[in-house]
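Chain residues, written in single-letter form:
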Amino acid sequence: MSSRYLPYSKKDVHYDNAKFRHRSCFKVITQSLHTSNIKQDCVSCSTGKLLVLLMILGIACLILTRTSPAQSVDGLGKDIRDTGEGKVTVFGGSRLGKLLRRPPRLPPRLPPEDSKSGLSLNSESKWKARQESVKKAFVHAWLGYKKYAMGYDELMPLSQKGVDGLGGLGATVVDALDTAMIMGADEIVSEAGTWVETHLTSRISQKGQVNLFETTIRVLGGLLSAYHLSSVEAGTNSTSGGPKATIYLETAKNLADRLLSAFTSSPTSIPFSDVVLHDSSAHPAPGGLSSTSEVSTLQLEFNYLSTLSGDPKYSIAAMKVLEHLKGLPKEEGLVPIYINPHTGEFSGQNIRLGSRGDSYYEYLLKVWLQKGANRDGNLTYLHDMYEVAMKGVRHLLVRKSIPNGLVFVGELPYGPKGDFSPKMDHLVCFLSGTLALGATKGLTKEKAMKENLLNFEDLENFKLAEDLAKTCFEMYSVTSTGLAPEIAYFHTEEYSEGDLDGGNQNSEYVNDIIIKHADRHNLLRPETVESLFVLYRITEDPKYREWGWQIFEAFEKYTRVDSGGYSSLDDVTTVPPHKRDKMETFFLGETLKYLYLLFGDSSVIPLDKFVFNSEAHPIPIEGAIKKE
């Protein structure tokens, strides 16, 4: 078969493409003559042949005499000649010489934001200033708490008093402690650390009922993270003040020993949900059921405590839960949101990634990541369960809104055979960051692609991560305040409700997102900024920072209380919004921490060396950091 029938002939292979390879003036002219009609017209007569020959000789002379060995051209088009008495700069030259002189080949100048780092000096300064604004917000929140609620679980900033809603262990103190360490807020570290040393041990031994899950992720996780950050240099700002690091570890062990009763009191591997601290007893929640997310969101903390203490009992108890869940029936990897600790079986058919279901999927991945170099051993099943579940999410739960196609994750209240609900909790916005983290294992996407680490499933998950991040951000920008509601519904072909938009008529997606009156509150939640932080670290795309800044500005504008602290809101669709008089502990422990890290250097708490527990307390990956 002749080459002319192939898509590329030999001639095509050797073609000198001007877009990609430089060609000399001589080659340009001769090739033009060779391929144009002028060649045919000129060479047909003797006069034409003579003219062509003279032209070629003239060009050759110009090229040969244009630059001598003792002559060079600088970047300004000046001839620099060595006359023997020193170098002389000659401006100009003949017009033909100027015309034919090849300009210097300078590298393309990209706008500062298009450079590989994504940052110019100005933008570096801008993000440092914005990061400092977040730190000031954290200090303002802490000062309000310290003034009106020190030692209580949470601040009521409008009433200017404290409230114990989490068992009375001073949850805000412990939740905020590692955030202060990361920010280098030494005075707050000293105040919070001193309170832990002085008061927390006695609180643990005297207090009554606490929730196993909430106490583990907030207090136990916070103590373990504070221990690591105060005992090991891990890329954070230097901190001073507070007790010795061992105080945090000993307090964590004291607390965990009492929390273990939730496991030992249960007849199955599924722990009871409530623990009475002062007598180390436990019992199930009213109704007898435990949340699937709660029993499966204990392992990072208990594993790390076993590593630090050298006592495997903490890890053994917590890991039995996941080992038990591995053998239970699932729907394409998805599980109901309730489980019975008496039977060890799931209860009901409600499947969702919002409340009571969310962090089960998060910890499947993160517990596997936590094991570092050992993750390919007996814990491979966790990653397998995660991958199957994410495939199930894409197949059963992911839909697009109308008219503009926002990707969202809905619910199956009655299982896969029941009707689909286009309802998405703000809590579901954690999934975007988890999907991105699962795809690259904490590496940047660029590095993961170069090393061929992303398979088809990873790319599918990563695309979903980016789409969900967009949707979660639009849940903020669609409202009058620029803050997201606790729950949103999405307009689909099967579901629509009128006059329930977010209030911002300038939003492109005002008709895609439906916000019911009972769902319009905002609790200062962190899930969206958490995912923006992870996606920025992995993609290095500055849009995630810009989205985070818009959210932070809305928090500042509508939730800040001048006397100290920040408040949840009743209705994000009206301006000014009515405040709820509650500052959740996770605003200091998660929301402001993730914003601070989003605007800062990616070497601080890097994603390939730490996993964040469900309360944003960083826990080191085994083997990634030098031992304590």
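An unreviewed UniProt entry annotates the protein as alpha-1,2-Mannosidase of Trema orientale. Reading the Cofactor (unreviewed entry) entry of the UniProt record for the protein gives the comment "Ca(2+)". UniProt, in the comment section headed Sequence similarities (unreviewed entry), describes the protein in these words: "Belongs to the glycosyl hydrolase 47 family."

Trainee: Help me understand the sheet that holds strand 6 (residues 209-211), please; the structure alone is not making it clear to me.
Mentor: Strand pairing in a sheet relies on backbone hydrogen bonds, with the paired strands running either antiparallel or parallel. Overall, antiparallel pairing links the 3 strands, which are arranged 6-7-8 in an open sheet. Both outer strands of the open sheet, strand 6 and strand 8 (281-283), are each paired with one neighbouring strand and no more. On average, adjacent strands in this sheet sit at an angle of 30° to one another, irrespective of strand direction. When strand 7 (residues 274-276) meets strand 8, the two strands line up antiparallel, connected through 3 bridges. Bridged to Asp274 within strand 8 is His283. Across the face of the sheet, helix 9 (residues 212-231) comes into contact with strand 6 and strand 7 while running at roughly 75° to strand 6.

Trainee: Would you mind showing me how to read the UniProt feature "active site" (unreviewed entry) in the protein here?
Mentor: Annotation from UniProt places "active site" (unreviewed entry) at Glu214, Asp358, Glu486 and Glu527. Relative to the assigned elements, Asp358 resides in helix 15 (residues 358-370). Accessibility expressed as a relative area gives 13% for Asp358, which makes it buried. Those residues in contact with Asp358 that lie beyond four places of it in its chain are Ser293, Leu353, Leu427 and Phe430. Note that Glu486 resides in the loop between helix 19 (456-477) and strand 15 (487-490). We classify Glu486 as buried; its relative accessible area is 12%. Residues in contact with Glu486, not counting those within four places in the same chain, are Asp425, His426, Asp519, His521, Leu523 and Arg525.

Trainee: When you look at the environment of Gln209 in this model, what are you seeing that I'm missing?
Mentor: One can find Gln209 in strand 6. Given a relative accessible area of 46%, Gln209 falls into the partly exposed group. Along the sequence, Gln209 and Val275 sit 66 residues apart, while their C-alpha atoms lie 5.4 Å from each other. At a separation of 2.9 Å, a polar atom in the side chain of Gln209 contacts the side chain of His283.

Trainee: Honestly, the nonpolar core in this entry has me stumped. Any pointers?
Mentor: Taken as a class, soluble globular proteins show a tendency for nonpolar side chains to be buried jointly. With 164 residues, the main nonpolar core has Leu200, Phe302, Leu325, Leu382, Met424, Leu431 and Met583 as its most contacted residues. By residue number, the principal contributor to this core is helix 9, which donates 10 residues. Both domains that furnish three or more residues to this core are identified here as domain 1 (168-348) and domain 2 (349-618).

Trainee: It is not clear to me how the UniProt feature "binding site: Ca(2+)" (unreviewed entry) in the protein should be interpreted in this structure. Could you clarify?
Mentor: Within this structure's numbering, the places UniProt gives as "binding site: Ca(2+)" (unreviewed entry) are Ser614. Mapped onto the secondary structure, Ser614 falls in the loop between strand 17 (610-612) and strand 18 (618-620). Under the relative-accessibility criterion, Ser614 is labelled buried at 17%. In contact with Ser614, not counting residues within four places along its chain, are Ile217, Thr297, Ser359, Glu362, Tyr363 and Glu590. Here the side chain of Ser614 touches Glu362 through a polar contact of 3.3 Å, side chain to side chain.

Trainee: Just to check I follow, could you spell out the packing of helix 20 (residues 527-539) against helix 21 (residues 543-559) for this structure?
Mentor: Packed helices, taken two at a time, are described by the angle between their axes plus the distance between the axes. Between helix 20 and helix 21, the least distance of the axes is 9 Å, while the angle of their chain directions is 155°. By the criterion of interaxial angle, the relationship of helix 20 to helix 21 is roughly antiparallel. Crossing of helix 20 over helix 21 shows left-handed handedness. Contact residues: helix 20 offers Thr528, Val529, Leu532, Leu535, Tyr536 and Thr539, while helix 21 offers Tyr544, Arg545, Trp547, Gly548 and Ile551. A class-by-class count of the residues in the contact of helix 20 with helix 21 yields 7 nonpolar, 3 polar and 1 charged.

Trainee: It is not clear to me how the state of the cysteines should be interpreted in this structure. Could you clarify?
Mentor: Note on terminology: a disulfide is the covalent bond linking the sulfur atoms of two cysteines. For the structure on display, the rule yields 1 disulfide. The disulfide partner of Cys429 is Cys472, and the gap between their sulfur atoms is 2.0 Å. Its torsion about the S-S bond being -100°, the disulfide of Cys429 and Cys472 is classed as left-handed. Placement of the pair is Cys429 in the loop between strand 14 (423-425) and helix 17 (430-440) and Cys472 in helix 19, with a sequence separation of 43 residues. Each member of the pair, Cys429 together with Cys472, is buried.

Conventions adopted
- Residues numbered from 1 in each chain as written.
- Predicted model: local features only at pLDDT ≥ 70, side-chain atom pairs only at ≥ 80, totals over all residues.
- Heavy atoms only, no water.
- UniProt positions renumbered as here; feature names shortened; annotations may be inferred.
- Pairing = 2+ DSSP bridges.
- Helix = DSSP H or I, 4+ residues; strand = E, 2+ residues; numbered from the N terminus.
- Axes fitted to C-alpha atoms, helices over the stretch in contact; angles between N-to-C directions.
- Contact = heavy atoms within 4.5 Å.
- Buried < 20%, exposed > 50% of the residue type's maximum accessible area, 1.4 Å probe, protein only.
- Polar contact = N/O pair within 3.5 Å; in protein donor to acceptor, adjacent residues only side chain to side chain.
- Core = buried A, V, L, I, M, F, W, Y, C linked by side-chain atoms within 4.5 Å.
- Domains from an automatic or database assignment.
- Parallel < 35°, antiparallel > 145°, perpendicular 65-115°, else oblique.
- Left-handed = near helix turned anticlockwise from the far one by under 90°.
- Nonpolar A, V, L, I, M, F, W, Y, C, P; charged D, E, K, R; others polar.
- Disulfide = S-S within 2.5 Å.

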